[in-house]
Amino acid sequence: MGESLNKFEQFNNVFKILSKCTDDYLFILDFIEDHYNITERSVEVFNIPCADFYNASEIINKAVHPEDRAMLANNLEMIKEGKISEHDLEYKWLNKNGNPVWISCRGQVIYNSQGEAHYLVGRISELGRKNKIDSITGLYREVRLRQNILNMDRFASKGFLLLIGIDNFKDINERYGKEVGNTTLKGLAKCVTKAVGNMAEVYRMSGDEIMVFCKGISSVLNDPAKEMYKRIRAAVDERISEKGYRLFYTISGGYVYFTEDDDFGLNYIERAEFALRLAKIRGKNMSVCYKQNDYNDYVQKLEMQEELRKAVENNFEGFELYYQPIVNMEKACIYGAEALLRWKNNRFGMVSPGIFIPMLEESGLIIPVGRWVIEEAMQQCLKWQEICPGFRVNINISFVQLKKSNVISDIDTYIEKYGFSSSNVLFEITESGELESGYAIQNILESFHRRSLNLAIDDFGTGYSNLRYIKEMMFNLVKIDQAFIRGIKSSQYDYMVVKQFTELAHSLNLKVCYEGVETEEDFKCVKELKPDYIQGFYFSRPVPVAEFEEKYLGKENVF
Ligand code: C2E
Ligand code: MG
Ligand code: MG
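One structure accompanies this document, and this report is about it. (Residues numbered from 1 in each chain as written. Chains lettered and ligands numbered in written order. Predicted model: local features only at pLDDT ≥ 70, side-chain atom pairs only at ≥ 80, totals over all residues. Heavy atoms only, no water.)

1. Description of the packing of helix α9 (residues 267-281) against helix α10 (residues 292-313)
Here is the rule: Where helices are involved, their axes are fitted lines through C-alpha atoms of the stretch in contact, as for all axes, and angles between N-to-C directions lie from 0 to 180°. A helix here means a DSSP run of H or I that spans at least four residues, while a strand means a run of E at least two residues long, and both kinds are numbered starting from the N terminus. Reported orientations rely on four angle classes, namely roughly parallel under 35 degrees, roughly antiparallel over 145, roughly perpendicular from 65 to 115, and oblique for the rest. Every residue pair with non-hydrogen atoms within 4.5 Å of one another is taken to be in contact. All residues other than Ala, Val, Leu, Ile, Met, Phe, Trp, Tyr, Cys, Pro, Asp, Glu, Lys and Arg, Gly among them, are scored as polar; the first ten of these are nonpolar and the last four charged.
The geometry of α9 relative to α10 is characterised by a closest axis approach of 11 Å and an angle of 80° between their N-to-C directions. Judged by the angle between their axes, α9 and α10 are roughly perpendicular. Counted together, Arg271, Phe274, Arg277 and Leu278 of α9 and Gln292, Asp294, Tyr295 and Tyr298 of α10 form the full contact between these two elements. For the contact of α9 with α10, a count of residues per class yields 4 nonpolar, 1 polar and 3 charged.

2. A look at the site of ligand 1
Put simply, the rule is: Nearness of a residue to a molecule or strand requires only that one of the residue's heavy atoms be within 4 Å of it. A 3.5 Å cut-off defines polar contacts: any pair of N or O atoms within that distance qualifies, except that in protein one atom must be a possible hydrogen donor and the other a possible acceptor, and neighbouring residues in sequence count only when both atoms are side-chain atoms. The accessible surface values rely on the Shrake-Rupley method and a 1.4 Å probe; as for residues, cover is taken only from the protein chains in view.
Around ligand 1, the surrounding shell holds 22 residues, and the nearest of these are Arg342, Asp458, Gln482, Glu518 and Phe537. The contact in question runs from an oxygen atom of ligand 1 to an N or O atom on the side chain of aspartate 459, over 3.1 Å. Within the backbone of phenylalanine 537, an N or O atom sits 2.8 Å from an oxygen atom of ligand 1. With the chains in place, 84% of the 790 Å² that ligand 1 exposes on its own is no longer accessible.

3. Considerations on the side chain of glutamate 338
Along the chain, glutamate 338 falls in strand β14 (residues 333-345). A polar contact of 2.7 Å, which involves the side chain of glutamate 338, links it to the side chain of asparagine 396. At 2.7 Å, the side chain of glutamate 338 and the side chain of glutamine 535 are in polar contact. Ignoring any residue separated from it by four or fewer positions in sequence, one finds glutamate 338 in contact with Tyr322, Tyr323, Gln324, Ile326, Asn394, Asn396, Glu428, Asp458, Lys479 and Gln535.

4. Description of the sheet that holds strand β7 (residues 140-141)
Rules: DSSP calls a pair of strands paired once it identifies at least 2 bridges connecting them.
Across the sheet, which stays open at both edges, the 6 strands sit in the order β7-β9-β10-β8-β11-β12 with mixed pairing between neighbours. At either margin of the open sheet sits one strand with a lone partner, and together these are β7 and β12 (287-289). By the bridge criterion, 7 bridges tie strand β8 (residues 159-166) to strand β10 (residues 209-215) in an arrangement that is antiparallel. Its bridge partner being in β10, leucine 163 is matched across the sheet by methionine 211. Against the sheet, helix α8 (residues 224-242) makes contact with β8, β10, β11 (251-258) and β12, and its axis sits at roughly 155° relative to β11, the strand it touches most.

5. A look at the coordination of the magnesium ion (ligand 3)
Note the threshold: Only nitrogen, oxygen and sulfur atoms within 2.8 Å of the metal, or 3.2 Å for Na, K and Ca, are treated as donors, and water is left out, so sites may look incomplete. Think of it in three bands: with a 1.4 Å probe and only protein chains considered, a residue is buried below 20% of the maximum accessible area for its type, exposed above 50%, and partly exposed in between.
Protein ligation of the magnesium ion (ligand 3) involves Asp458 (OD), Asp459 (OD), Glu515 (OE) and Glu515 (OE), the donor distances falling in the range 2.0 to 2.4 Å. Sequence spacing of the donor residues for the magnesium ion (ligand 3), all on one chain, is D-D-x55-E. The two metals, the magnesium ion (ligand 3) and the magnesium ion (ligand 2), are separated by 4.3 Å and share aspartate 458 as a common coordinating residue. Note that aspartate 459 is positioned in strand β18 (residues 454-460) and glutamate 515 in strand β20 (residues 511-515), a separation of 56 residues in sequence. What makes aspartate 459 partly exposed here is its relative accessible area of 22%. Using a relative accessible area of 8% as the deciding quantity, one classes glutamate 515 as buried.

6. What about the coordination of the magnesium ion (ligand 2)?
Bound to the magnesium ion (ligand 2) are the protein donor atoms Glu338 (OE), Asn396 (OD1), Glu428 (OE) and Asp458 (OD), situated 2.0 to 2.3 Å from the metal. Each donor residue of the magnesium ion (ligand 2) lies on one chain, and together they are spaced E-x57-N-x31-E-x29-D.

7. Concerning the packing of aromatic side chains
Here is the rule: Whether two aromatic rings pair depends on their centres lying within 6.5 Å, for rings of Phe, Tyr and Trp, where Trp uses its six-membered ring; planes under 30 degrees apart make the pair stacked, over 60 edge-to-face, and the rest tilted. Both a distance and an angle decide whether a charge sits over a ring: NZ of Lys or CZ of Arg must be within 6 Å of the ring centre and within 35 degrees of the ring normal.
One pass over the full model with this rule turns up 40 aromatic pairs. Here the aromatic residues Phe316, Phe319, Trp343, Phe356 and Trp372 are joined through ring pairs into a cluster of three or more. Looking at arginine 144, its charged tip hangs above the ring of tyrosine 140, at a distance of 4.2 Å from the centre. For arginine 271, the ring lying beneath its charged end belongs to tyrosine 268, and the centroid distance is 4.6 Å.

8. Considerations on the pairing of strand β5 (residues 100-111)
Pairing geometry for strand β4 (residues 86-94) and β5, over 9 bridges, is antiparallel. Bridge pairing in β5 links glutamate 90 to serine 104. Once β4 ends, the chain turns through 5 residues before running back antiparallel as β5, passing glycine 98 with a positive phi of about 85°. As defined by bridge partners, β5 adjoins strand β6 (residues 117-126) across 9 bridges and the pair is classed as antiparallel. In the strand pairing of β6, valine 109 is matched with leucine 120. Hairpin geometry of β5 and β6 is characterised by an intervening segment of 5 residues between the two adjacent antiparallel strands and by a positive phi of about 85° at glycine 115.

Such coordinate-based values are descriptive only and should not be taken to indicate function.
Have a look at this one:
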């Protein structure tokens, strides 16, 4: 007994010195005397009466979070039975207010001469202080997830990572303030923890994202990650309803499975992030499973975007304008041509405009490329006017050019540079919701009108605009979308729509062009409806300059 008290005191004295050098709490537990001593400072944090007490098992049991009491008791029991000689646990104590405090507790067992476990000597550190616990949600941080993934046996089990994100979280922060943002996040953390139960671990990631890490599922066939997402979503909906819809939000999820055959590692976190991004792109409030193909497409898109950028830098290498004749129906002659952009690349070959034009728009590259198109098409048109006086060219203009560049000043520059007559060019703008998006666009369209620059509304019928509105917006020509023309022979409805459109446009003094007239049958059918112009494969596909000159320039009586 004397010996043991001495040892206890010896440790205690050393600890008093050491505790000045660390934020950790140093402790000694005497199993035989049921005596405990811990750094004095800990009394301010934990729910313990003082720093030195007997009856240790009972007092510590009360100081520990109820969820973790059994686990701790079990661990200490194993030490006493000699089954383990080290103590290394992460679990929760309670603070003075009864809230959980995550701690890491590590200790070494010291045996007496009979070989019994006599002391446990070690340190307790508060995980929150070490930045392992997120102060807002009370969840482990991402560092911890990374450690766990690195430490686990990669080929040991089946499971999944499911990343949950709040849709439009930025809006919540901006509209209601950061405080509400944090409360929302805390609420989400509660919902996730509740829905997940003890089936998985939950981590706070960066921003508004929470990761569920589930190991040891029996099969991936019934899509358990999706089921988990649904449960979390239901918990969120329930919470929002309980709170009286004071704040409404939705969540998206991205998940990735791993099995014993996969080389599971940190890159799976990125996969879950990628899947979450897809869920948001695809419309939010849904979950998406990571698929290698989606990722490959994405990478390919990035590579293509990079190639486009290089092509632009290299003096528009690989870009070319094709021309498609536009036929004047009254005079049965070619009235002009639409300039259509093509792009050929060493790696990707000939890429469809339906793919590369949206990419140019997304990256803003459509602005320099659009300028190049205007200049090229005007120069070409001037050359053709030498053979065919009054030849006209149609040029497509993207909304990005309208909104993000001074396209009118670009046009002015080239008109002046080449002495081009503005009546010989017409600018096509695709119908879309953007048209009605506000005054800015309307102002730009008005300046087209003031400069006597002709405008066409392209793909008409695919958006929601009505013709009177188009007229008010200073358009001169309506190009009816090929989807209607395609349907005209088989669908009475399409036929009637096109007929009505045409008559109405004419009554408003607008010219009409039909796009997508492909066959003789189409042509016969649409002729009766008396459009002003026709464009379509029936006359010609878009062709390169030389072919256009050879086949169509100056050609009279095309039908
Ligand atoms: P768009 O301006 O409506 O051009 C007409 C599209 O319909 C062209 O597709 C043309 O090849 C196609 N087409 C013409 N006649 C027929 C037909 O009889 N049947 C069928 N099935 N299709 C026909 P393309 O060249 O693939 O261009 C697609 C779109 O890309 C264009 O639609 C336009 O919105 C955009 N685009 C093309 N060049 C440019 C450009 O220089 N700048 C901008 N901003 N957009 C462009
Ligand atoms: Mg067009
Ligand atoms: Mg069109």
